[in-house]
Amino acid sequence: MAVGKYRFSWKLLGDIQVGRPNLGPTTRLEVYRLMQFTMRDVLERRLGAEGADEVFYDAGYLAGTEFYQHVLGKQESFADFVKALQSALKELGVGILRVEKADLAAAQFVLTVSEDLDCSGLPETGEGICVYDEGFIAGLLDGFTGKKFQVKEIDCWCTGDRTCRFTASLSG
Ligand SMILES: [Zn+2]
């Protein structure tokens, strides 16, 4: 594949202090969702729903590994990892993370995210929408453990639940 124009690097997030002296680092959630759901619409039309999901999952995965490296930094224990992640996600307004189940020996986890950035308050469609989050969590777990995870959303605001619930286990 040809090298793209914008291969991701953390630098692409820019120097916000210099760039937005008056408006600062925050925006309104509608703007984020407007971008996400128009992007999804175009991707679905070009690639089909499954292909669009794959793009969102892979992008989330990349974000998760980068987020681990640049925001959380190396974490020594699972407890430290969860604590750092919970406070970062809360501080950045991404969501409220809870760990419902953690079987470290089997590498199986159940996590919930409430007030999620992507789906809280959306119409109920009967289908989970947080594919980017699935990838994001998988990327974070990969960052922490060095292993490949597969993450699946089993409950979502869009399936009538009031929190998003994800299962994570080693992939393959
Ligand atoms: Zn969801």
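Report follows, based on the coordinates.

Basis of the calculations
Per chain, the residues get numbers from 1 upward, laid out in the order the sequence is written. Restriction of local features to residues with pLDDT of at least 70 applies here, the model being predicted, together with a cutoff of 80 or more for giving and counting side-chain atom pairs; totals for whole chains, interfaces and linings are based on all residues. To obtain the side-chain values, all non-hydrogen atoms of the structure were used and water was disregarded. Donor atoms are limited to N, O and S found within 2.8 Å of the metal ion, a distance that becomes 3.2 Å for Na, K and Ca. With water left out, some sites might look partial. Counting from the N terminus, the helices are DSSP H or I runs at least four residues long and the strands are E runs at least two residues long. Note on exposure labels: buried denotes an accessible area under 20% of the residue type's maximum, exposed denotes more than 50%, and partly exposed covers the range between, all computed with a 1.4 Å probe on protein chains only. None of His or the chain ends enter the tally, which takes Lys and Arg as positive and Asp and Glu as negative. What counts as a salt bridge is simple: a side-chain nitrogen of Lys or Arg found within 4 Å of a carboxyl oxygen of Asp or Glu. Strand pairing is assigned whenever DSSP detects at least two bridges linking the two strands.

**Things to note about the coordination of the zinc ion**
Stage number 1. Surrounding the zinc ion are the protein donor atoms Cys-119 (SG), Cys-130 (SG), Glu-153 (OE), Cys-156 (SG) and Cys-164 (SG), at 2.2 to 2.8 Å.
Stage number 2. Read in sequence order, the donor residues for the zinc ion give the motif C-x10-C-x22-E-x2-C-x7-C. Of this pair, Cys-119 sits in the loop between β2 (108-114) and α4 (131-145) while Cys-156 sits in the loop between β3 (149-155) and β4 (163-170), and the two are 37 residues apart along the sequence.
Stage number 3. Cys-119 gets classed as buried once you look at its relative accessible area, which sits at 1%.

**Quick notes on the side chain of Glu-66**
Stage number 1. With respect to the element layout, Glu-66 can be found in helix α2 (residues 29-72).
Stage number 2. In this structure Glu-66 is buried but unpaired, with Arg-7 as the nearest side chain of opposite charge at 7.8 Å.

**Comments concerning the pairing of β2**
Stage number 1. Summarising burial for β2: six of the seven residues are buried, a large majority.
Stage number 2. When strand β1 (residues 96-103) meets β2, the two strands line up antiparallel, connected through seven bridges. Along β2, the bridge assignment pairs Lys-101 with Val-110.
Stage number 3. Taking the residues between adjacent antiparallel strands as the criterion, β1 and β2 are bridged by four residues, where Ala-107 takes a positive phi near 55°.

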